[in-house]
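# Architecture and fold: a report
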Amino acid sequence: MKSKKLIALLAALALSFLPITSANASPKLSDYENVYVIQKTDGEIKNVISVDWLRVQGEGNFEVVDPVQNAQSPEILIGDATITKSDSGLTIKGTSDGLADIFYRSNVNKDLPFKVKLNILVNGKSASLSNLNEATGTVTIGVDFTNYYKQNNIYLPWLVNMSLTLDGPSVKDVTVSSGNVSYVGSKAMATLMLQVLNDKGTATISYVAIKKNNPTISLSVVPTLMSVELPNMSNLKDMATALNAMAKGIDGYSQALTKMSSAIQTNVDLSSLENVTVLLDAYRQILGQMYQALDPTQIAMLPKAVDGIKTLKQPLEQTASAISGLETLVNAYMGLASQSLAINQQVTNALSLQPQLQGKDQILQLMGQQQLLLQAMTKGATLPSGFVPPMSTLQTSLQQLNLGITQMAQAIDQTASQMNTLNSLSSGLLTMRNTLGVVVNGGTLQGKTLPAMADVSSQLKTGIATMQKQLSTGMLDLKTALTTLVKGGTLNGQTIPPMNELSNGLRQMSQGANQAYESFYSQTQNLEKAKTLADNYKTFSGLPSGADGKVMFVIKVED
């Protein structure tokens, strides 16, 4: 009898939020299903009761088949309709004058898509639910959630909400692993929010009982995924492509310089100097092209890539700050709603003590409706559009979003730190360009004056007899410089890394950026698939053909 009255009150509250539909509107069905699960703390199921709210929009007689299998004891709770059981399910018949709301229940013999266990510890020792009334000391209530629903390697996301109400003066140090704790009047309210994305999920509520109290637990499970807007990380893909192209270019330079160094002969026969001048001119053209290809402006931009990555952090920090402010506002609204709920209860109790007060019943009815609205704000409610979570759920979502943004900012710092090697790479490429410029155009190299290759070729042509020694020295210096560029060493007091280390470093950075992008993209795709799976999970026991639906599981735990 009490359960029927409760369902009637919930129906009245939910109906107050629904829009009025015209009698000329096309017929439409909706089925909002609350599944009441009675179980033990270890997850053993005692009974499963499905309470459906069927809404028929349209005029005339209707006959709706709810394809519930193995339903037992079907019964109409609210509404002018009949219900019968057959092999095809439950058939609900009635007449609608434009809008008909039918509430019916049935016992369902079907495995749940999940399992919830409560692990209760009192002072470190296992305890039962009934032991909480007499418990003093440290109390821990752990929630172990096992997810059985999986499609195409994607688990259905579940939001587990457990609320624990305690006598405030009787407890202290109330904490939750994920969620929040609030104090309303003399009550301490701990709200645990657990978002399960995989096959397992755990969370805990703990407190210290100073003296005996009578805690109450409410537990609900909803198929949903709290939304978090993720940033665009496509720039990592472009960065990976650019770094890999630079690595290939350095490998090409290394091969060309190696061949050039091997071809240089330091002991030159004067009789072959004329051929050397031809070869030297060819080398000069090749080295000149390499010198021009190494654009110092582009090379200088490499260290700025680190600054570009760091600029991504500031918008994230601003977003985190804004979300923190929103959390404070939501917390204030939660406190105001909870205080209003307590005041409403006090006024209701006072009116109950005034038997002769005129209009008392109407006032009590209005106060009851207000109380239901306030409870919807603090504890959540099921509406035609779906389950409306309590404001604490919004606060938890904001906290999780803030945490995710903070982690992304930390990841950006790590990426920027790893990319600091671009400074060394930029310096090495600039040194390489300067060395090529000295080799081609002449200058000082390792404390020695190196003539321009054009001058060497010209002097060979005009004075072969006098240039043998100078040519041999110059060719040796050139060979040494080219070898140092390829294998690494010191040039003009600067340490040059081997070119293969530069190219390998660029490839590793390219692979790292590409892997980061692929990982981020894969996780984003899986979240989108999980959200779609949750949106399509509209019923547990069955959904009439063509009807829209939502489902919520309400769990009562007994010893």
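So, on to the overall build of the protein chain. If you tally the helices and strands in the protein chain, you get twelve helices and 23 strands. Taken across its 559 residues, the protein chain has 43% of its residues classed as buried. Total accessible area on the protein chain stands at roughly 29000 Å², and carbon and sulfur atoms take up 52% of it.

So, about the confidence of the model for the protein chain. Per-residue confidence for the protein chain gives a mean pLDDT of 82; residues scoring 70 or more make up 83%. Every residue in residues 1-26 is under pLDDT 50, and counting partners more than four places away or in other chains gives 29 contacts.

The next thing to look at is the environment of Asp173. Position of Asp173 among the secondary structure elements: in strand E12 (residues 171-176). C-alpha separation for the pair Asp173 and Tyr207, spaced 34 residues apart in sequence, amounts to 5.3 Å. Each residue touching Asp173, except ones within four places of it in the same chain, is listed here: Ser206, Tyr207 and Val208.

To continue, consider the side chain of Thr435. Relative to the helices and strands, Thr435 is located in helix H9 (residues 421-441). For Thr435, a relative accessible area of 2% puts it in the buried group. Within the structure, Thr435 has its side chain in polar contact with the backbone oxygen of Thr431 (distance 2.8 Å). In this structure Thr435 touches Leu445, Ala481, Leu485 and Leu491, once residues within four positions along its chain are discounted.

Nonpolar side chains in soluble globular proteins generally cluster together in the buried interior. Formed by 48 residues in total, the largest nonpolar core has its most connected members in Phe114, Phe145, Trp158, Tyr207, Val221, Phe540 and Phe553. Here Phe145 is in contact with Phe114, Lys115, Val116, Trp158, Val160, Leu194, Val196, Asp199, Lys200, Gly201 and Val221, once residues within four sequence places are set aside. Ranked by size, the runner-up nonpolar core spans 46 residues in total, among them Leu316, Ile323, Leu425 and Met499.

Attention now moves to the sheet that holds strand E8 (residues 137-147). Strand order in the open sheet made by the five strands is E7-E6-E8-E15-E12, with antiparallel pairing throughout. The sheet is open, and its two borders are formed by strand E7 (125-126) and E12, each paired with just one other strand. Summarising the sheet, strand E6 (residues 114-122) and E8 pair through nine bridges and their orientation is antiparallel. In the strand pairing of E8, Leu118 is matched with Val143.

Considering the arrangement of structural elements, one finds Ser30 in strand E1 (residues 28-40). Ser30 sits in the buried class, given a relative accessible area of 5%. The residues touching Ser30, leaving out its near neighbours within four places in the chain, are Trp53, Leu54, Arg55, Ala547 and Asp548.

In this section: the pairing of E8. Consecutive side chains along a regular strand alternate between the two faces of the sheet. Where burial is concerned, most of E8 is hidden: eight out of the eleven residues are buried. Bridging between E8 and strand E15 (residues 200-209) involves ten bridges; their strand directions are antiparallel. Opposite Val139, over in E15, you have Tyr207 as the bridge partner.

Below, the discussion takes up unusual backbone geometry. In this structure, Asn70 takes a positive phi of about 60° despite not being glycine. Despite not being glycine, Asp173 has its phi angle at roughly 55°, a positive value. Residue classification places Asp173 among the exposed positions, given a relative accessible area of 52%.

By the bridge criterion, twelve bridges tie E1 to strand E2 (residues 45-66) in an arrangement that is antiparallel. Bridge pairing links Ser30 to Arg55 in E2. Joining the antiparallel neighbours E1 and E2 is a turn of four residues, in which Gly43 adopts a positive phi near 95°. Note that E2 and strand E5 (residues 89-108) share 18 bridges and pair antiparallel. Each residue of the ladder has a partner; that of Asp52, found in E5, is Tyr104.

About the criteria used
- Residues numbered from 1 in each chain as written.
- Predicted model: local features only at pLDDT ≥ 70, side-chain atom pairs only at ≥ 80, totals over all residues.
- Heavy atoms only, no water.
- Helix = DSSP H or I, 4+ residues; strand = E, 2+ residues; numbered from the N terminus.
- Buried < 20%, exposed > 50% of the residue type's maximum accessible area, 1.4 Å probe, protein only.
- Areas by Shrake-Rupley, 256 points an atom, 1.4 Å probe, with all protein chains shown as cover.
- pLDDT = per-residue confidence, 0-100.
- Contact = heavy atoms within 4.5 Å.
- Polar contact = N/O pair within 3.5 Å; in protein donor to acceptor, adjacent residues only side chain to side chain.
- Core = buried A, V, L, I, M, F, W, Y, C linked by side-chain atoms within 4.5 Å.
- Pairing = 2+ DSSP bridges.

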